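Chain and residue survey
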Amino acid sequence: MSLHFIEVENLARRFPQPGRKPPVTVFEHVNFNIEKGEFICIIGHSGCGKSTILNVLAGLDSPSEGEFVMDGKEVSGPSRDRGVIFQNHSLLPWRSALGNVSFAVGARWPEWSRKKVREHSRSYLEMVGLANAENKKPSELSGGMRQRVGIARAFAIEPKLLLMDEPFGALDALTRGVIQEELLQIWGRTHQTVFMITHDVDEAILLADRVLLMTNGPDARIAESVVIDIPRPRDRSAIHQHPEYYTIRNHLVDFLITRSKTLQGRVGGPGQQPRTVNPVKGTGVPERGSTPRVVGGTG
Amino acid sequence: MASLNVRAAILSVLFLVLFLGAWQLATAPPGAPEHELTELELLMGLGAGSGGGMPAPTQVFSLAWEELSLAFHDGGPNDKGIGLQLMYSVGRVLAGFALAVVVAVPLGFLIGMSPVLNKALNPYIQVLKPISPLAWMPLALFTIQDAATSAIFVIFICSIWPMLVNTAFGVASVKRDWLNVARTLELSNLRTALFVILPAAAPTILTGMRISIGISWLVIVAAEMLVGGTGIGYYVWNEWNNLDIAAVIFAIVMIGIVGMLLDAVLAQAGHFLRYQE
Ligand SMILES: Nc1ncnc2c1ncn2[C@@H]1O[C@H](COP(=O)(O)OP(=O)(O)OP(=O)(O)O)[C@@H](O)[C@H]1O
Ligand SMILES: [Mg+2]
């Protein structure tokens, strides 16, 4: 019986330690749901286990405990239902931009003709603005262009769930902004379900419907699920002027500065969903730590 | 200012001219040799009016001209042109090398993909690798009972190791990310091997092949000196027995040129397979 598109239940991942030391728990009691078409961002300090969660969702790693149900079926192992955009683009360097996309498309639909594969792949390269770079090898593309090819490749196989591990982490601020906007446009058209890791609070507010906040590791938990209800379409250059922007931003930054530490290993439990917070309406906001502060400039 | 290439070419030619000039001066003294005969010359029986020791470059050139115009001449077992002899040698090298590719690349793939197999086979590889290929020759002659096939076996055994080690290393060091891409696309093991691991490891495998063919070409000359019959190694040994030093020098140069060509072919192939991250 599942009510949500994706249900993650009591997920935990422990790594054995050398010698006789007890295994270290990266995270546990991780419960959350994702609805179809939702854009979810997850934020937490480095090393708290975000990539580990994503790898479990991708099927590249298996959890020590818990399960992950998608579309009513328990998931184990990787599948073409879930597209992954890796942290460092991970394009195959001996294939051209088009070759990389069509490699994925050809694997997704083996019954398609070569021509159909090419056309489909090309349309996605066009979508990310790389129509005239299709024959270039990754080494001949800029960092931003490579990341765009990675996005085209992931979207082109039209997965039910798109997983992104800090896709823009390695890009400079300007390129980052441009690609964020492209991503928003593509997502606006396709309405894919997205689960994305980011370090960047502003990026999360721009993109996400909901932001999951993770406490520090080890023993990390997902402490809060923050609703971002700034209306769409969102405009990157104007979103800062939105009256609710800094209320949300301060809430997220406060979490990262204080609550991610103070709540470490102390929230949640078996089967317990993270606290849903709407900083604008003031619902679910914890008593301490949400003192309004003006945070100038960018993170 | 001429480009770097032009300047280097001029310098190269200059070195060659200097070298040949010095050689010519040293080997063509007017009149009979006046110096004491060295022990080696005595051993070789050169002193007795055979016209001196080392041939002059002009002599080598005229011999080279003759030999090359009769390169594919075949006048029986002891009278084959240099081209034919080189073809025998290249043929053996390619045969041994091809056999080694067939064994080393798939085996290297398995070793590279399985850490257990890697650990299990590593001691044997480490012991077998440093054995001089010629040390296998008696064993090969005894078991195979055929000189020509034994030479091919020796080439096989010496060219297998660099390819095996390089293939295993190349396969083992394929980036996790690329394998993860294949896994998320649910590629079959065979397709992953063919379309992800093989192209990723190809440059490393080719480096191994290049080392192998270089070693093979070194070894074939020695092997043919031992087994005799045909081939450039036999040619060199035969001319030495005839005391035709000019022919020996000519053969040495030809060995160098063919070795360079073999390497160049693989270098070119490597150029196609190389990728930049
Ligand atoms: N194979 C492993 N063996 C042991 N520990 C591991 C392994 N993989 C990850 N870890 C540990 O798990 C923790 C979480 O790692 P993870 O890569 O998920 O962090 P992250 O939140 O993605 O960090 P970042 O933001 O820096 O990418 C780290 O402390 C790391 O040391
Ligand atoms: Mg990470």
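Just so it is clear, the structure is predicted and the values come from calculations on it, not from any experiment. (Residues numbered from 1 in each chain as written. Chains lettered and ligands numbered in written order. Predicted model: local features only at pLDDT ≥ 70, side-chain atom pairs only at ≥ 80, totals over all residues. Heavy atoms only, no water.)

All names here are of chain A. Around ligand 1 lies a shell formed by Phe 15, Val 26, Ser 46, Gly 47, Cys 48, Gly 49, Lys 50, Ser 51, Thr 52, Glu 166 and His 199. In the environment of ligand 1, an oxygen atom lies 2.8 Å from a nitrogen or oxygen atom belonging to the backbone of Gly 47. His 199 has a polar side-chain atom sitting 3.3 Å from an oxygen atom of ligand 1. Taking 640 Å² as the accessible area of ligand 1 by itself, protein coverage stands at 56%. With three residues, helix α1 (residues 50–58) is the single largest residue contributor to the shell around ligand 1. Along the lines of polarity and charge, the residues of the shell around ligand 1 split into three nonpolar, six polar and two charged. (Near = heavy atom within 4 Å. Polar contact = N/O pair within 3.5 Å; in protein donor to acceptor, adjacent residues only side chain to side chain. Areas by Shrake-Rupley, 256 points an atom, 1.4 Å probe, with all protein chains shown as cover. Helix = DSSP H or I, 4+ residues; strand = E, 2+ residues; numbered from the N terminus. Nonpolar A, V, L, I, M, F, W, Y, C, P; charged D, E, K, R; others polar.)

This next bit is on the packing of helix α4 (residues 143–156) of chain A against helix α5 (residues 173–190) of chain A. All names here are of chain A. Here α4 crosses α5 at 15°, and the two axes come no closer than 11 Å. On the basis of the axis angle, α4 is roughly parallel to α5. Crossing handedness for the pair α4 and α5: right-handed. Listed contacts from α5 to Gly 144, Arg 148, Ile 151 and Phe 155 of α4 are Thr 175, Val 178, Ile 179, Glu 182, Leu 183, Ile 186 and Thr 190. Grouping the amino acids of the contact of α4 with α5 by side-chain chemistry returns six nonpolar, three polar and two charged. (Axes fitted to C-alpha atoms, helices over the stretch in contact; angles between N-to-C directions. Parallel < 35°, antiparallel > 145°, perpendicular 65-115°, else oblique. Left-handed = near helix turned anticlockwise from the far one by under 90°. Contact = heavy atoms within 4.5 Å.)

The next thing to look at is the sheet that holds strand β5 (residues 73–74) of chain A. Residue and element names in this part refer to chain A. Read from one edge of the open sheet, four strands run β2-β1-β4-β5, paired in antiparallel fashion. What marks the edges here is a single partner per strand, and that holds for β2 (24–34) and β5. The pairing of strand β1 (residues 6–15) with strand β4 (residues 65–70) spans five bridges and is classified as antiparallel. By the bridge assignment for β4, Glu 9 is matched with Glu 67. (Pairing = 2+ DSSP bridges.)

Each partner contributes to the interface: chain B provides 16 residues, whereas chain A provides 21 residues. Of the roughly 1,800 Å² buried at the junction of chain B and chain A (both faces included), carbon and sulfur atoms supply 69%. Connecting chain B to chain A are one salt bridge. Of the charged contacts, one joins Arg 80 of chain A and Glu 186 of chain B as a salt bridge, the two residues approaching to 3.6 Å between their closest N and O atoms. On inspection of chain B and its partner chain A, the count reaches three residue pairs in polar contact (both at pLDDT 80 or more). Listed by contribution, the elements that provide at least two residues to the side of chain B that touches chain A are α8 (176–184) and α9 (189–227) of chain B. With six residues, α8 of chain B is the largest single contributor of residues to the side of chain B that touches chain A. (Buried area = accessible area lost by both parts, 1.4 Å probe. Salt bridge = Lys/Arg side-chain N within 4 Å of Asp/Glu carboxyl O.)

With that settled, consider helix α10 (residues 232–241) of chain B. Residue and element names in this part refer to chain B. Counting buried positions over the 10 residues of α10 gives seven, a clear majority of the element. The set of residues buried in α10 consists of Ile 232, Gly 233, Tyr 234, Tyr 235, Val 236, Asn 238 and Glu 239. Trailing α10 by a residue or two, Leu 243 shows a phi angle of about 60°, which is positive. (Buried < 20%, exposed > 50% of the residue type's maximum accessible area, 1.4 Å probe, protein only.)

Okay, the domain arrangement of chain B next. Domains assigned within chain B are domain 1 (1–45) and domain 2 (82–271). Computed from C-alpha coordinates alone, the two centres of domain 1 of chain B and domain 2 of chain B are separated by 35 Å. (Domains from an automatic or database assignment.)

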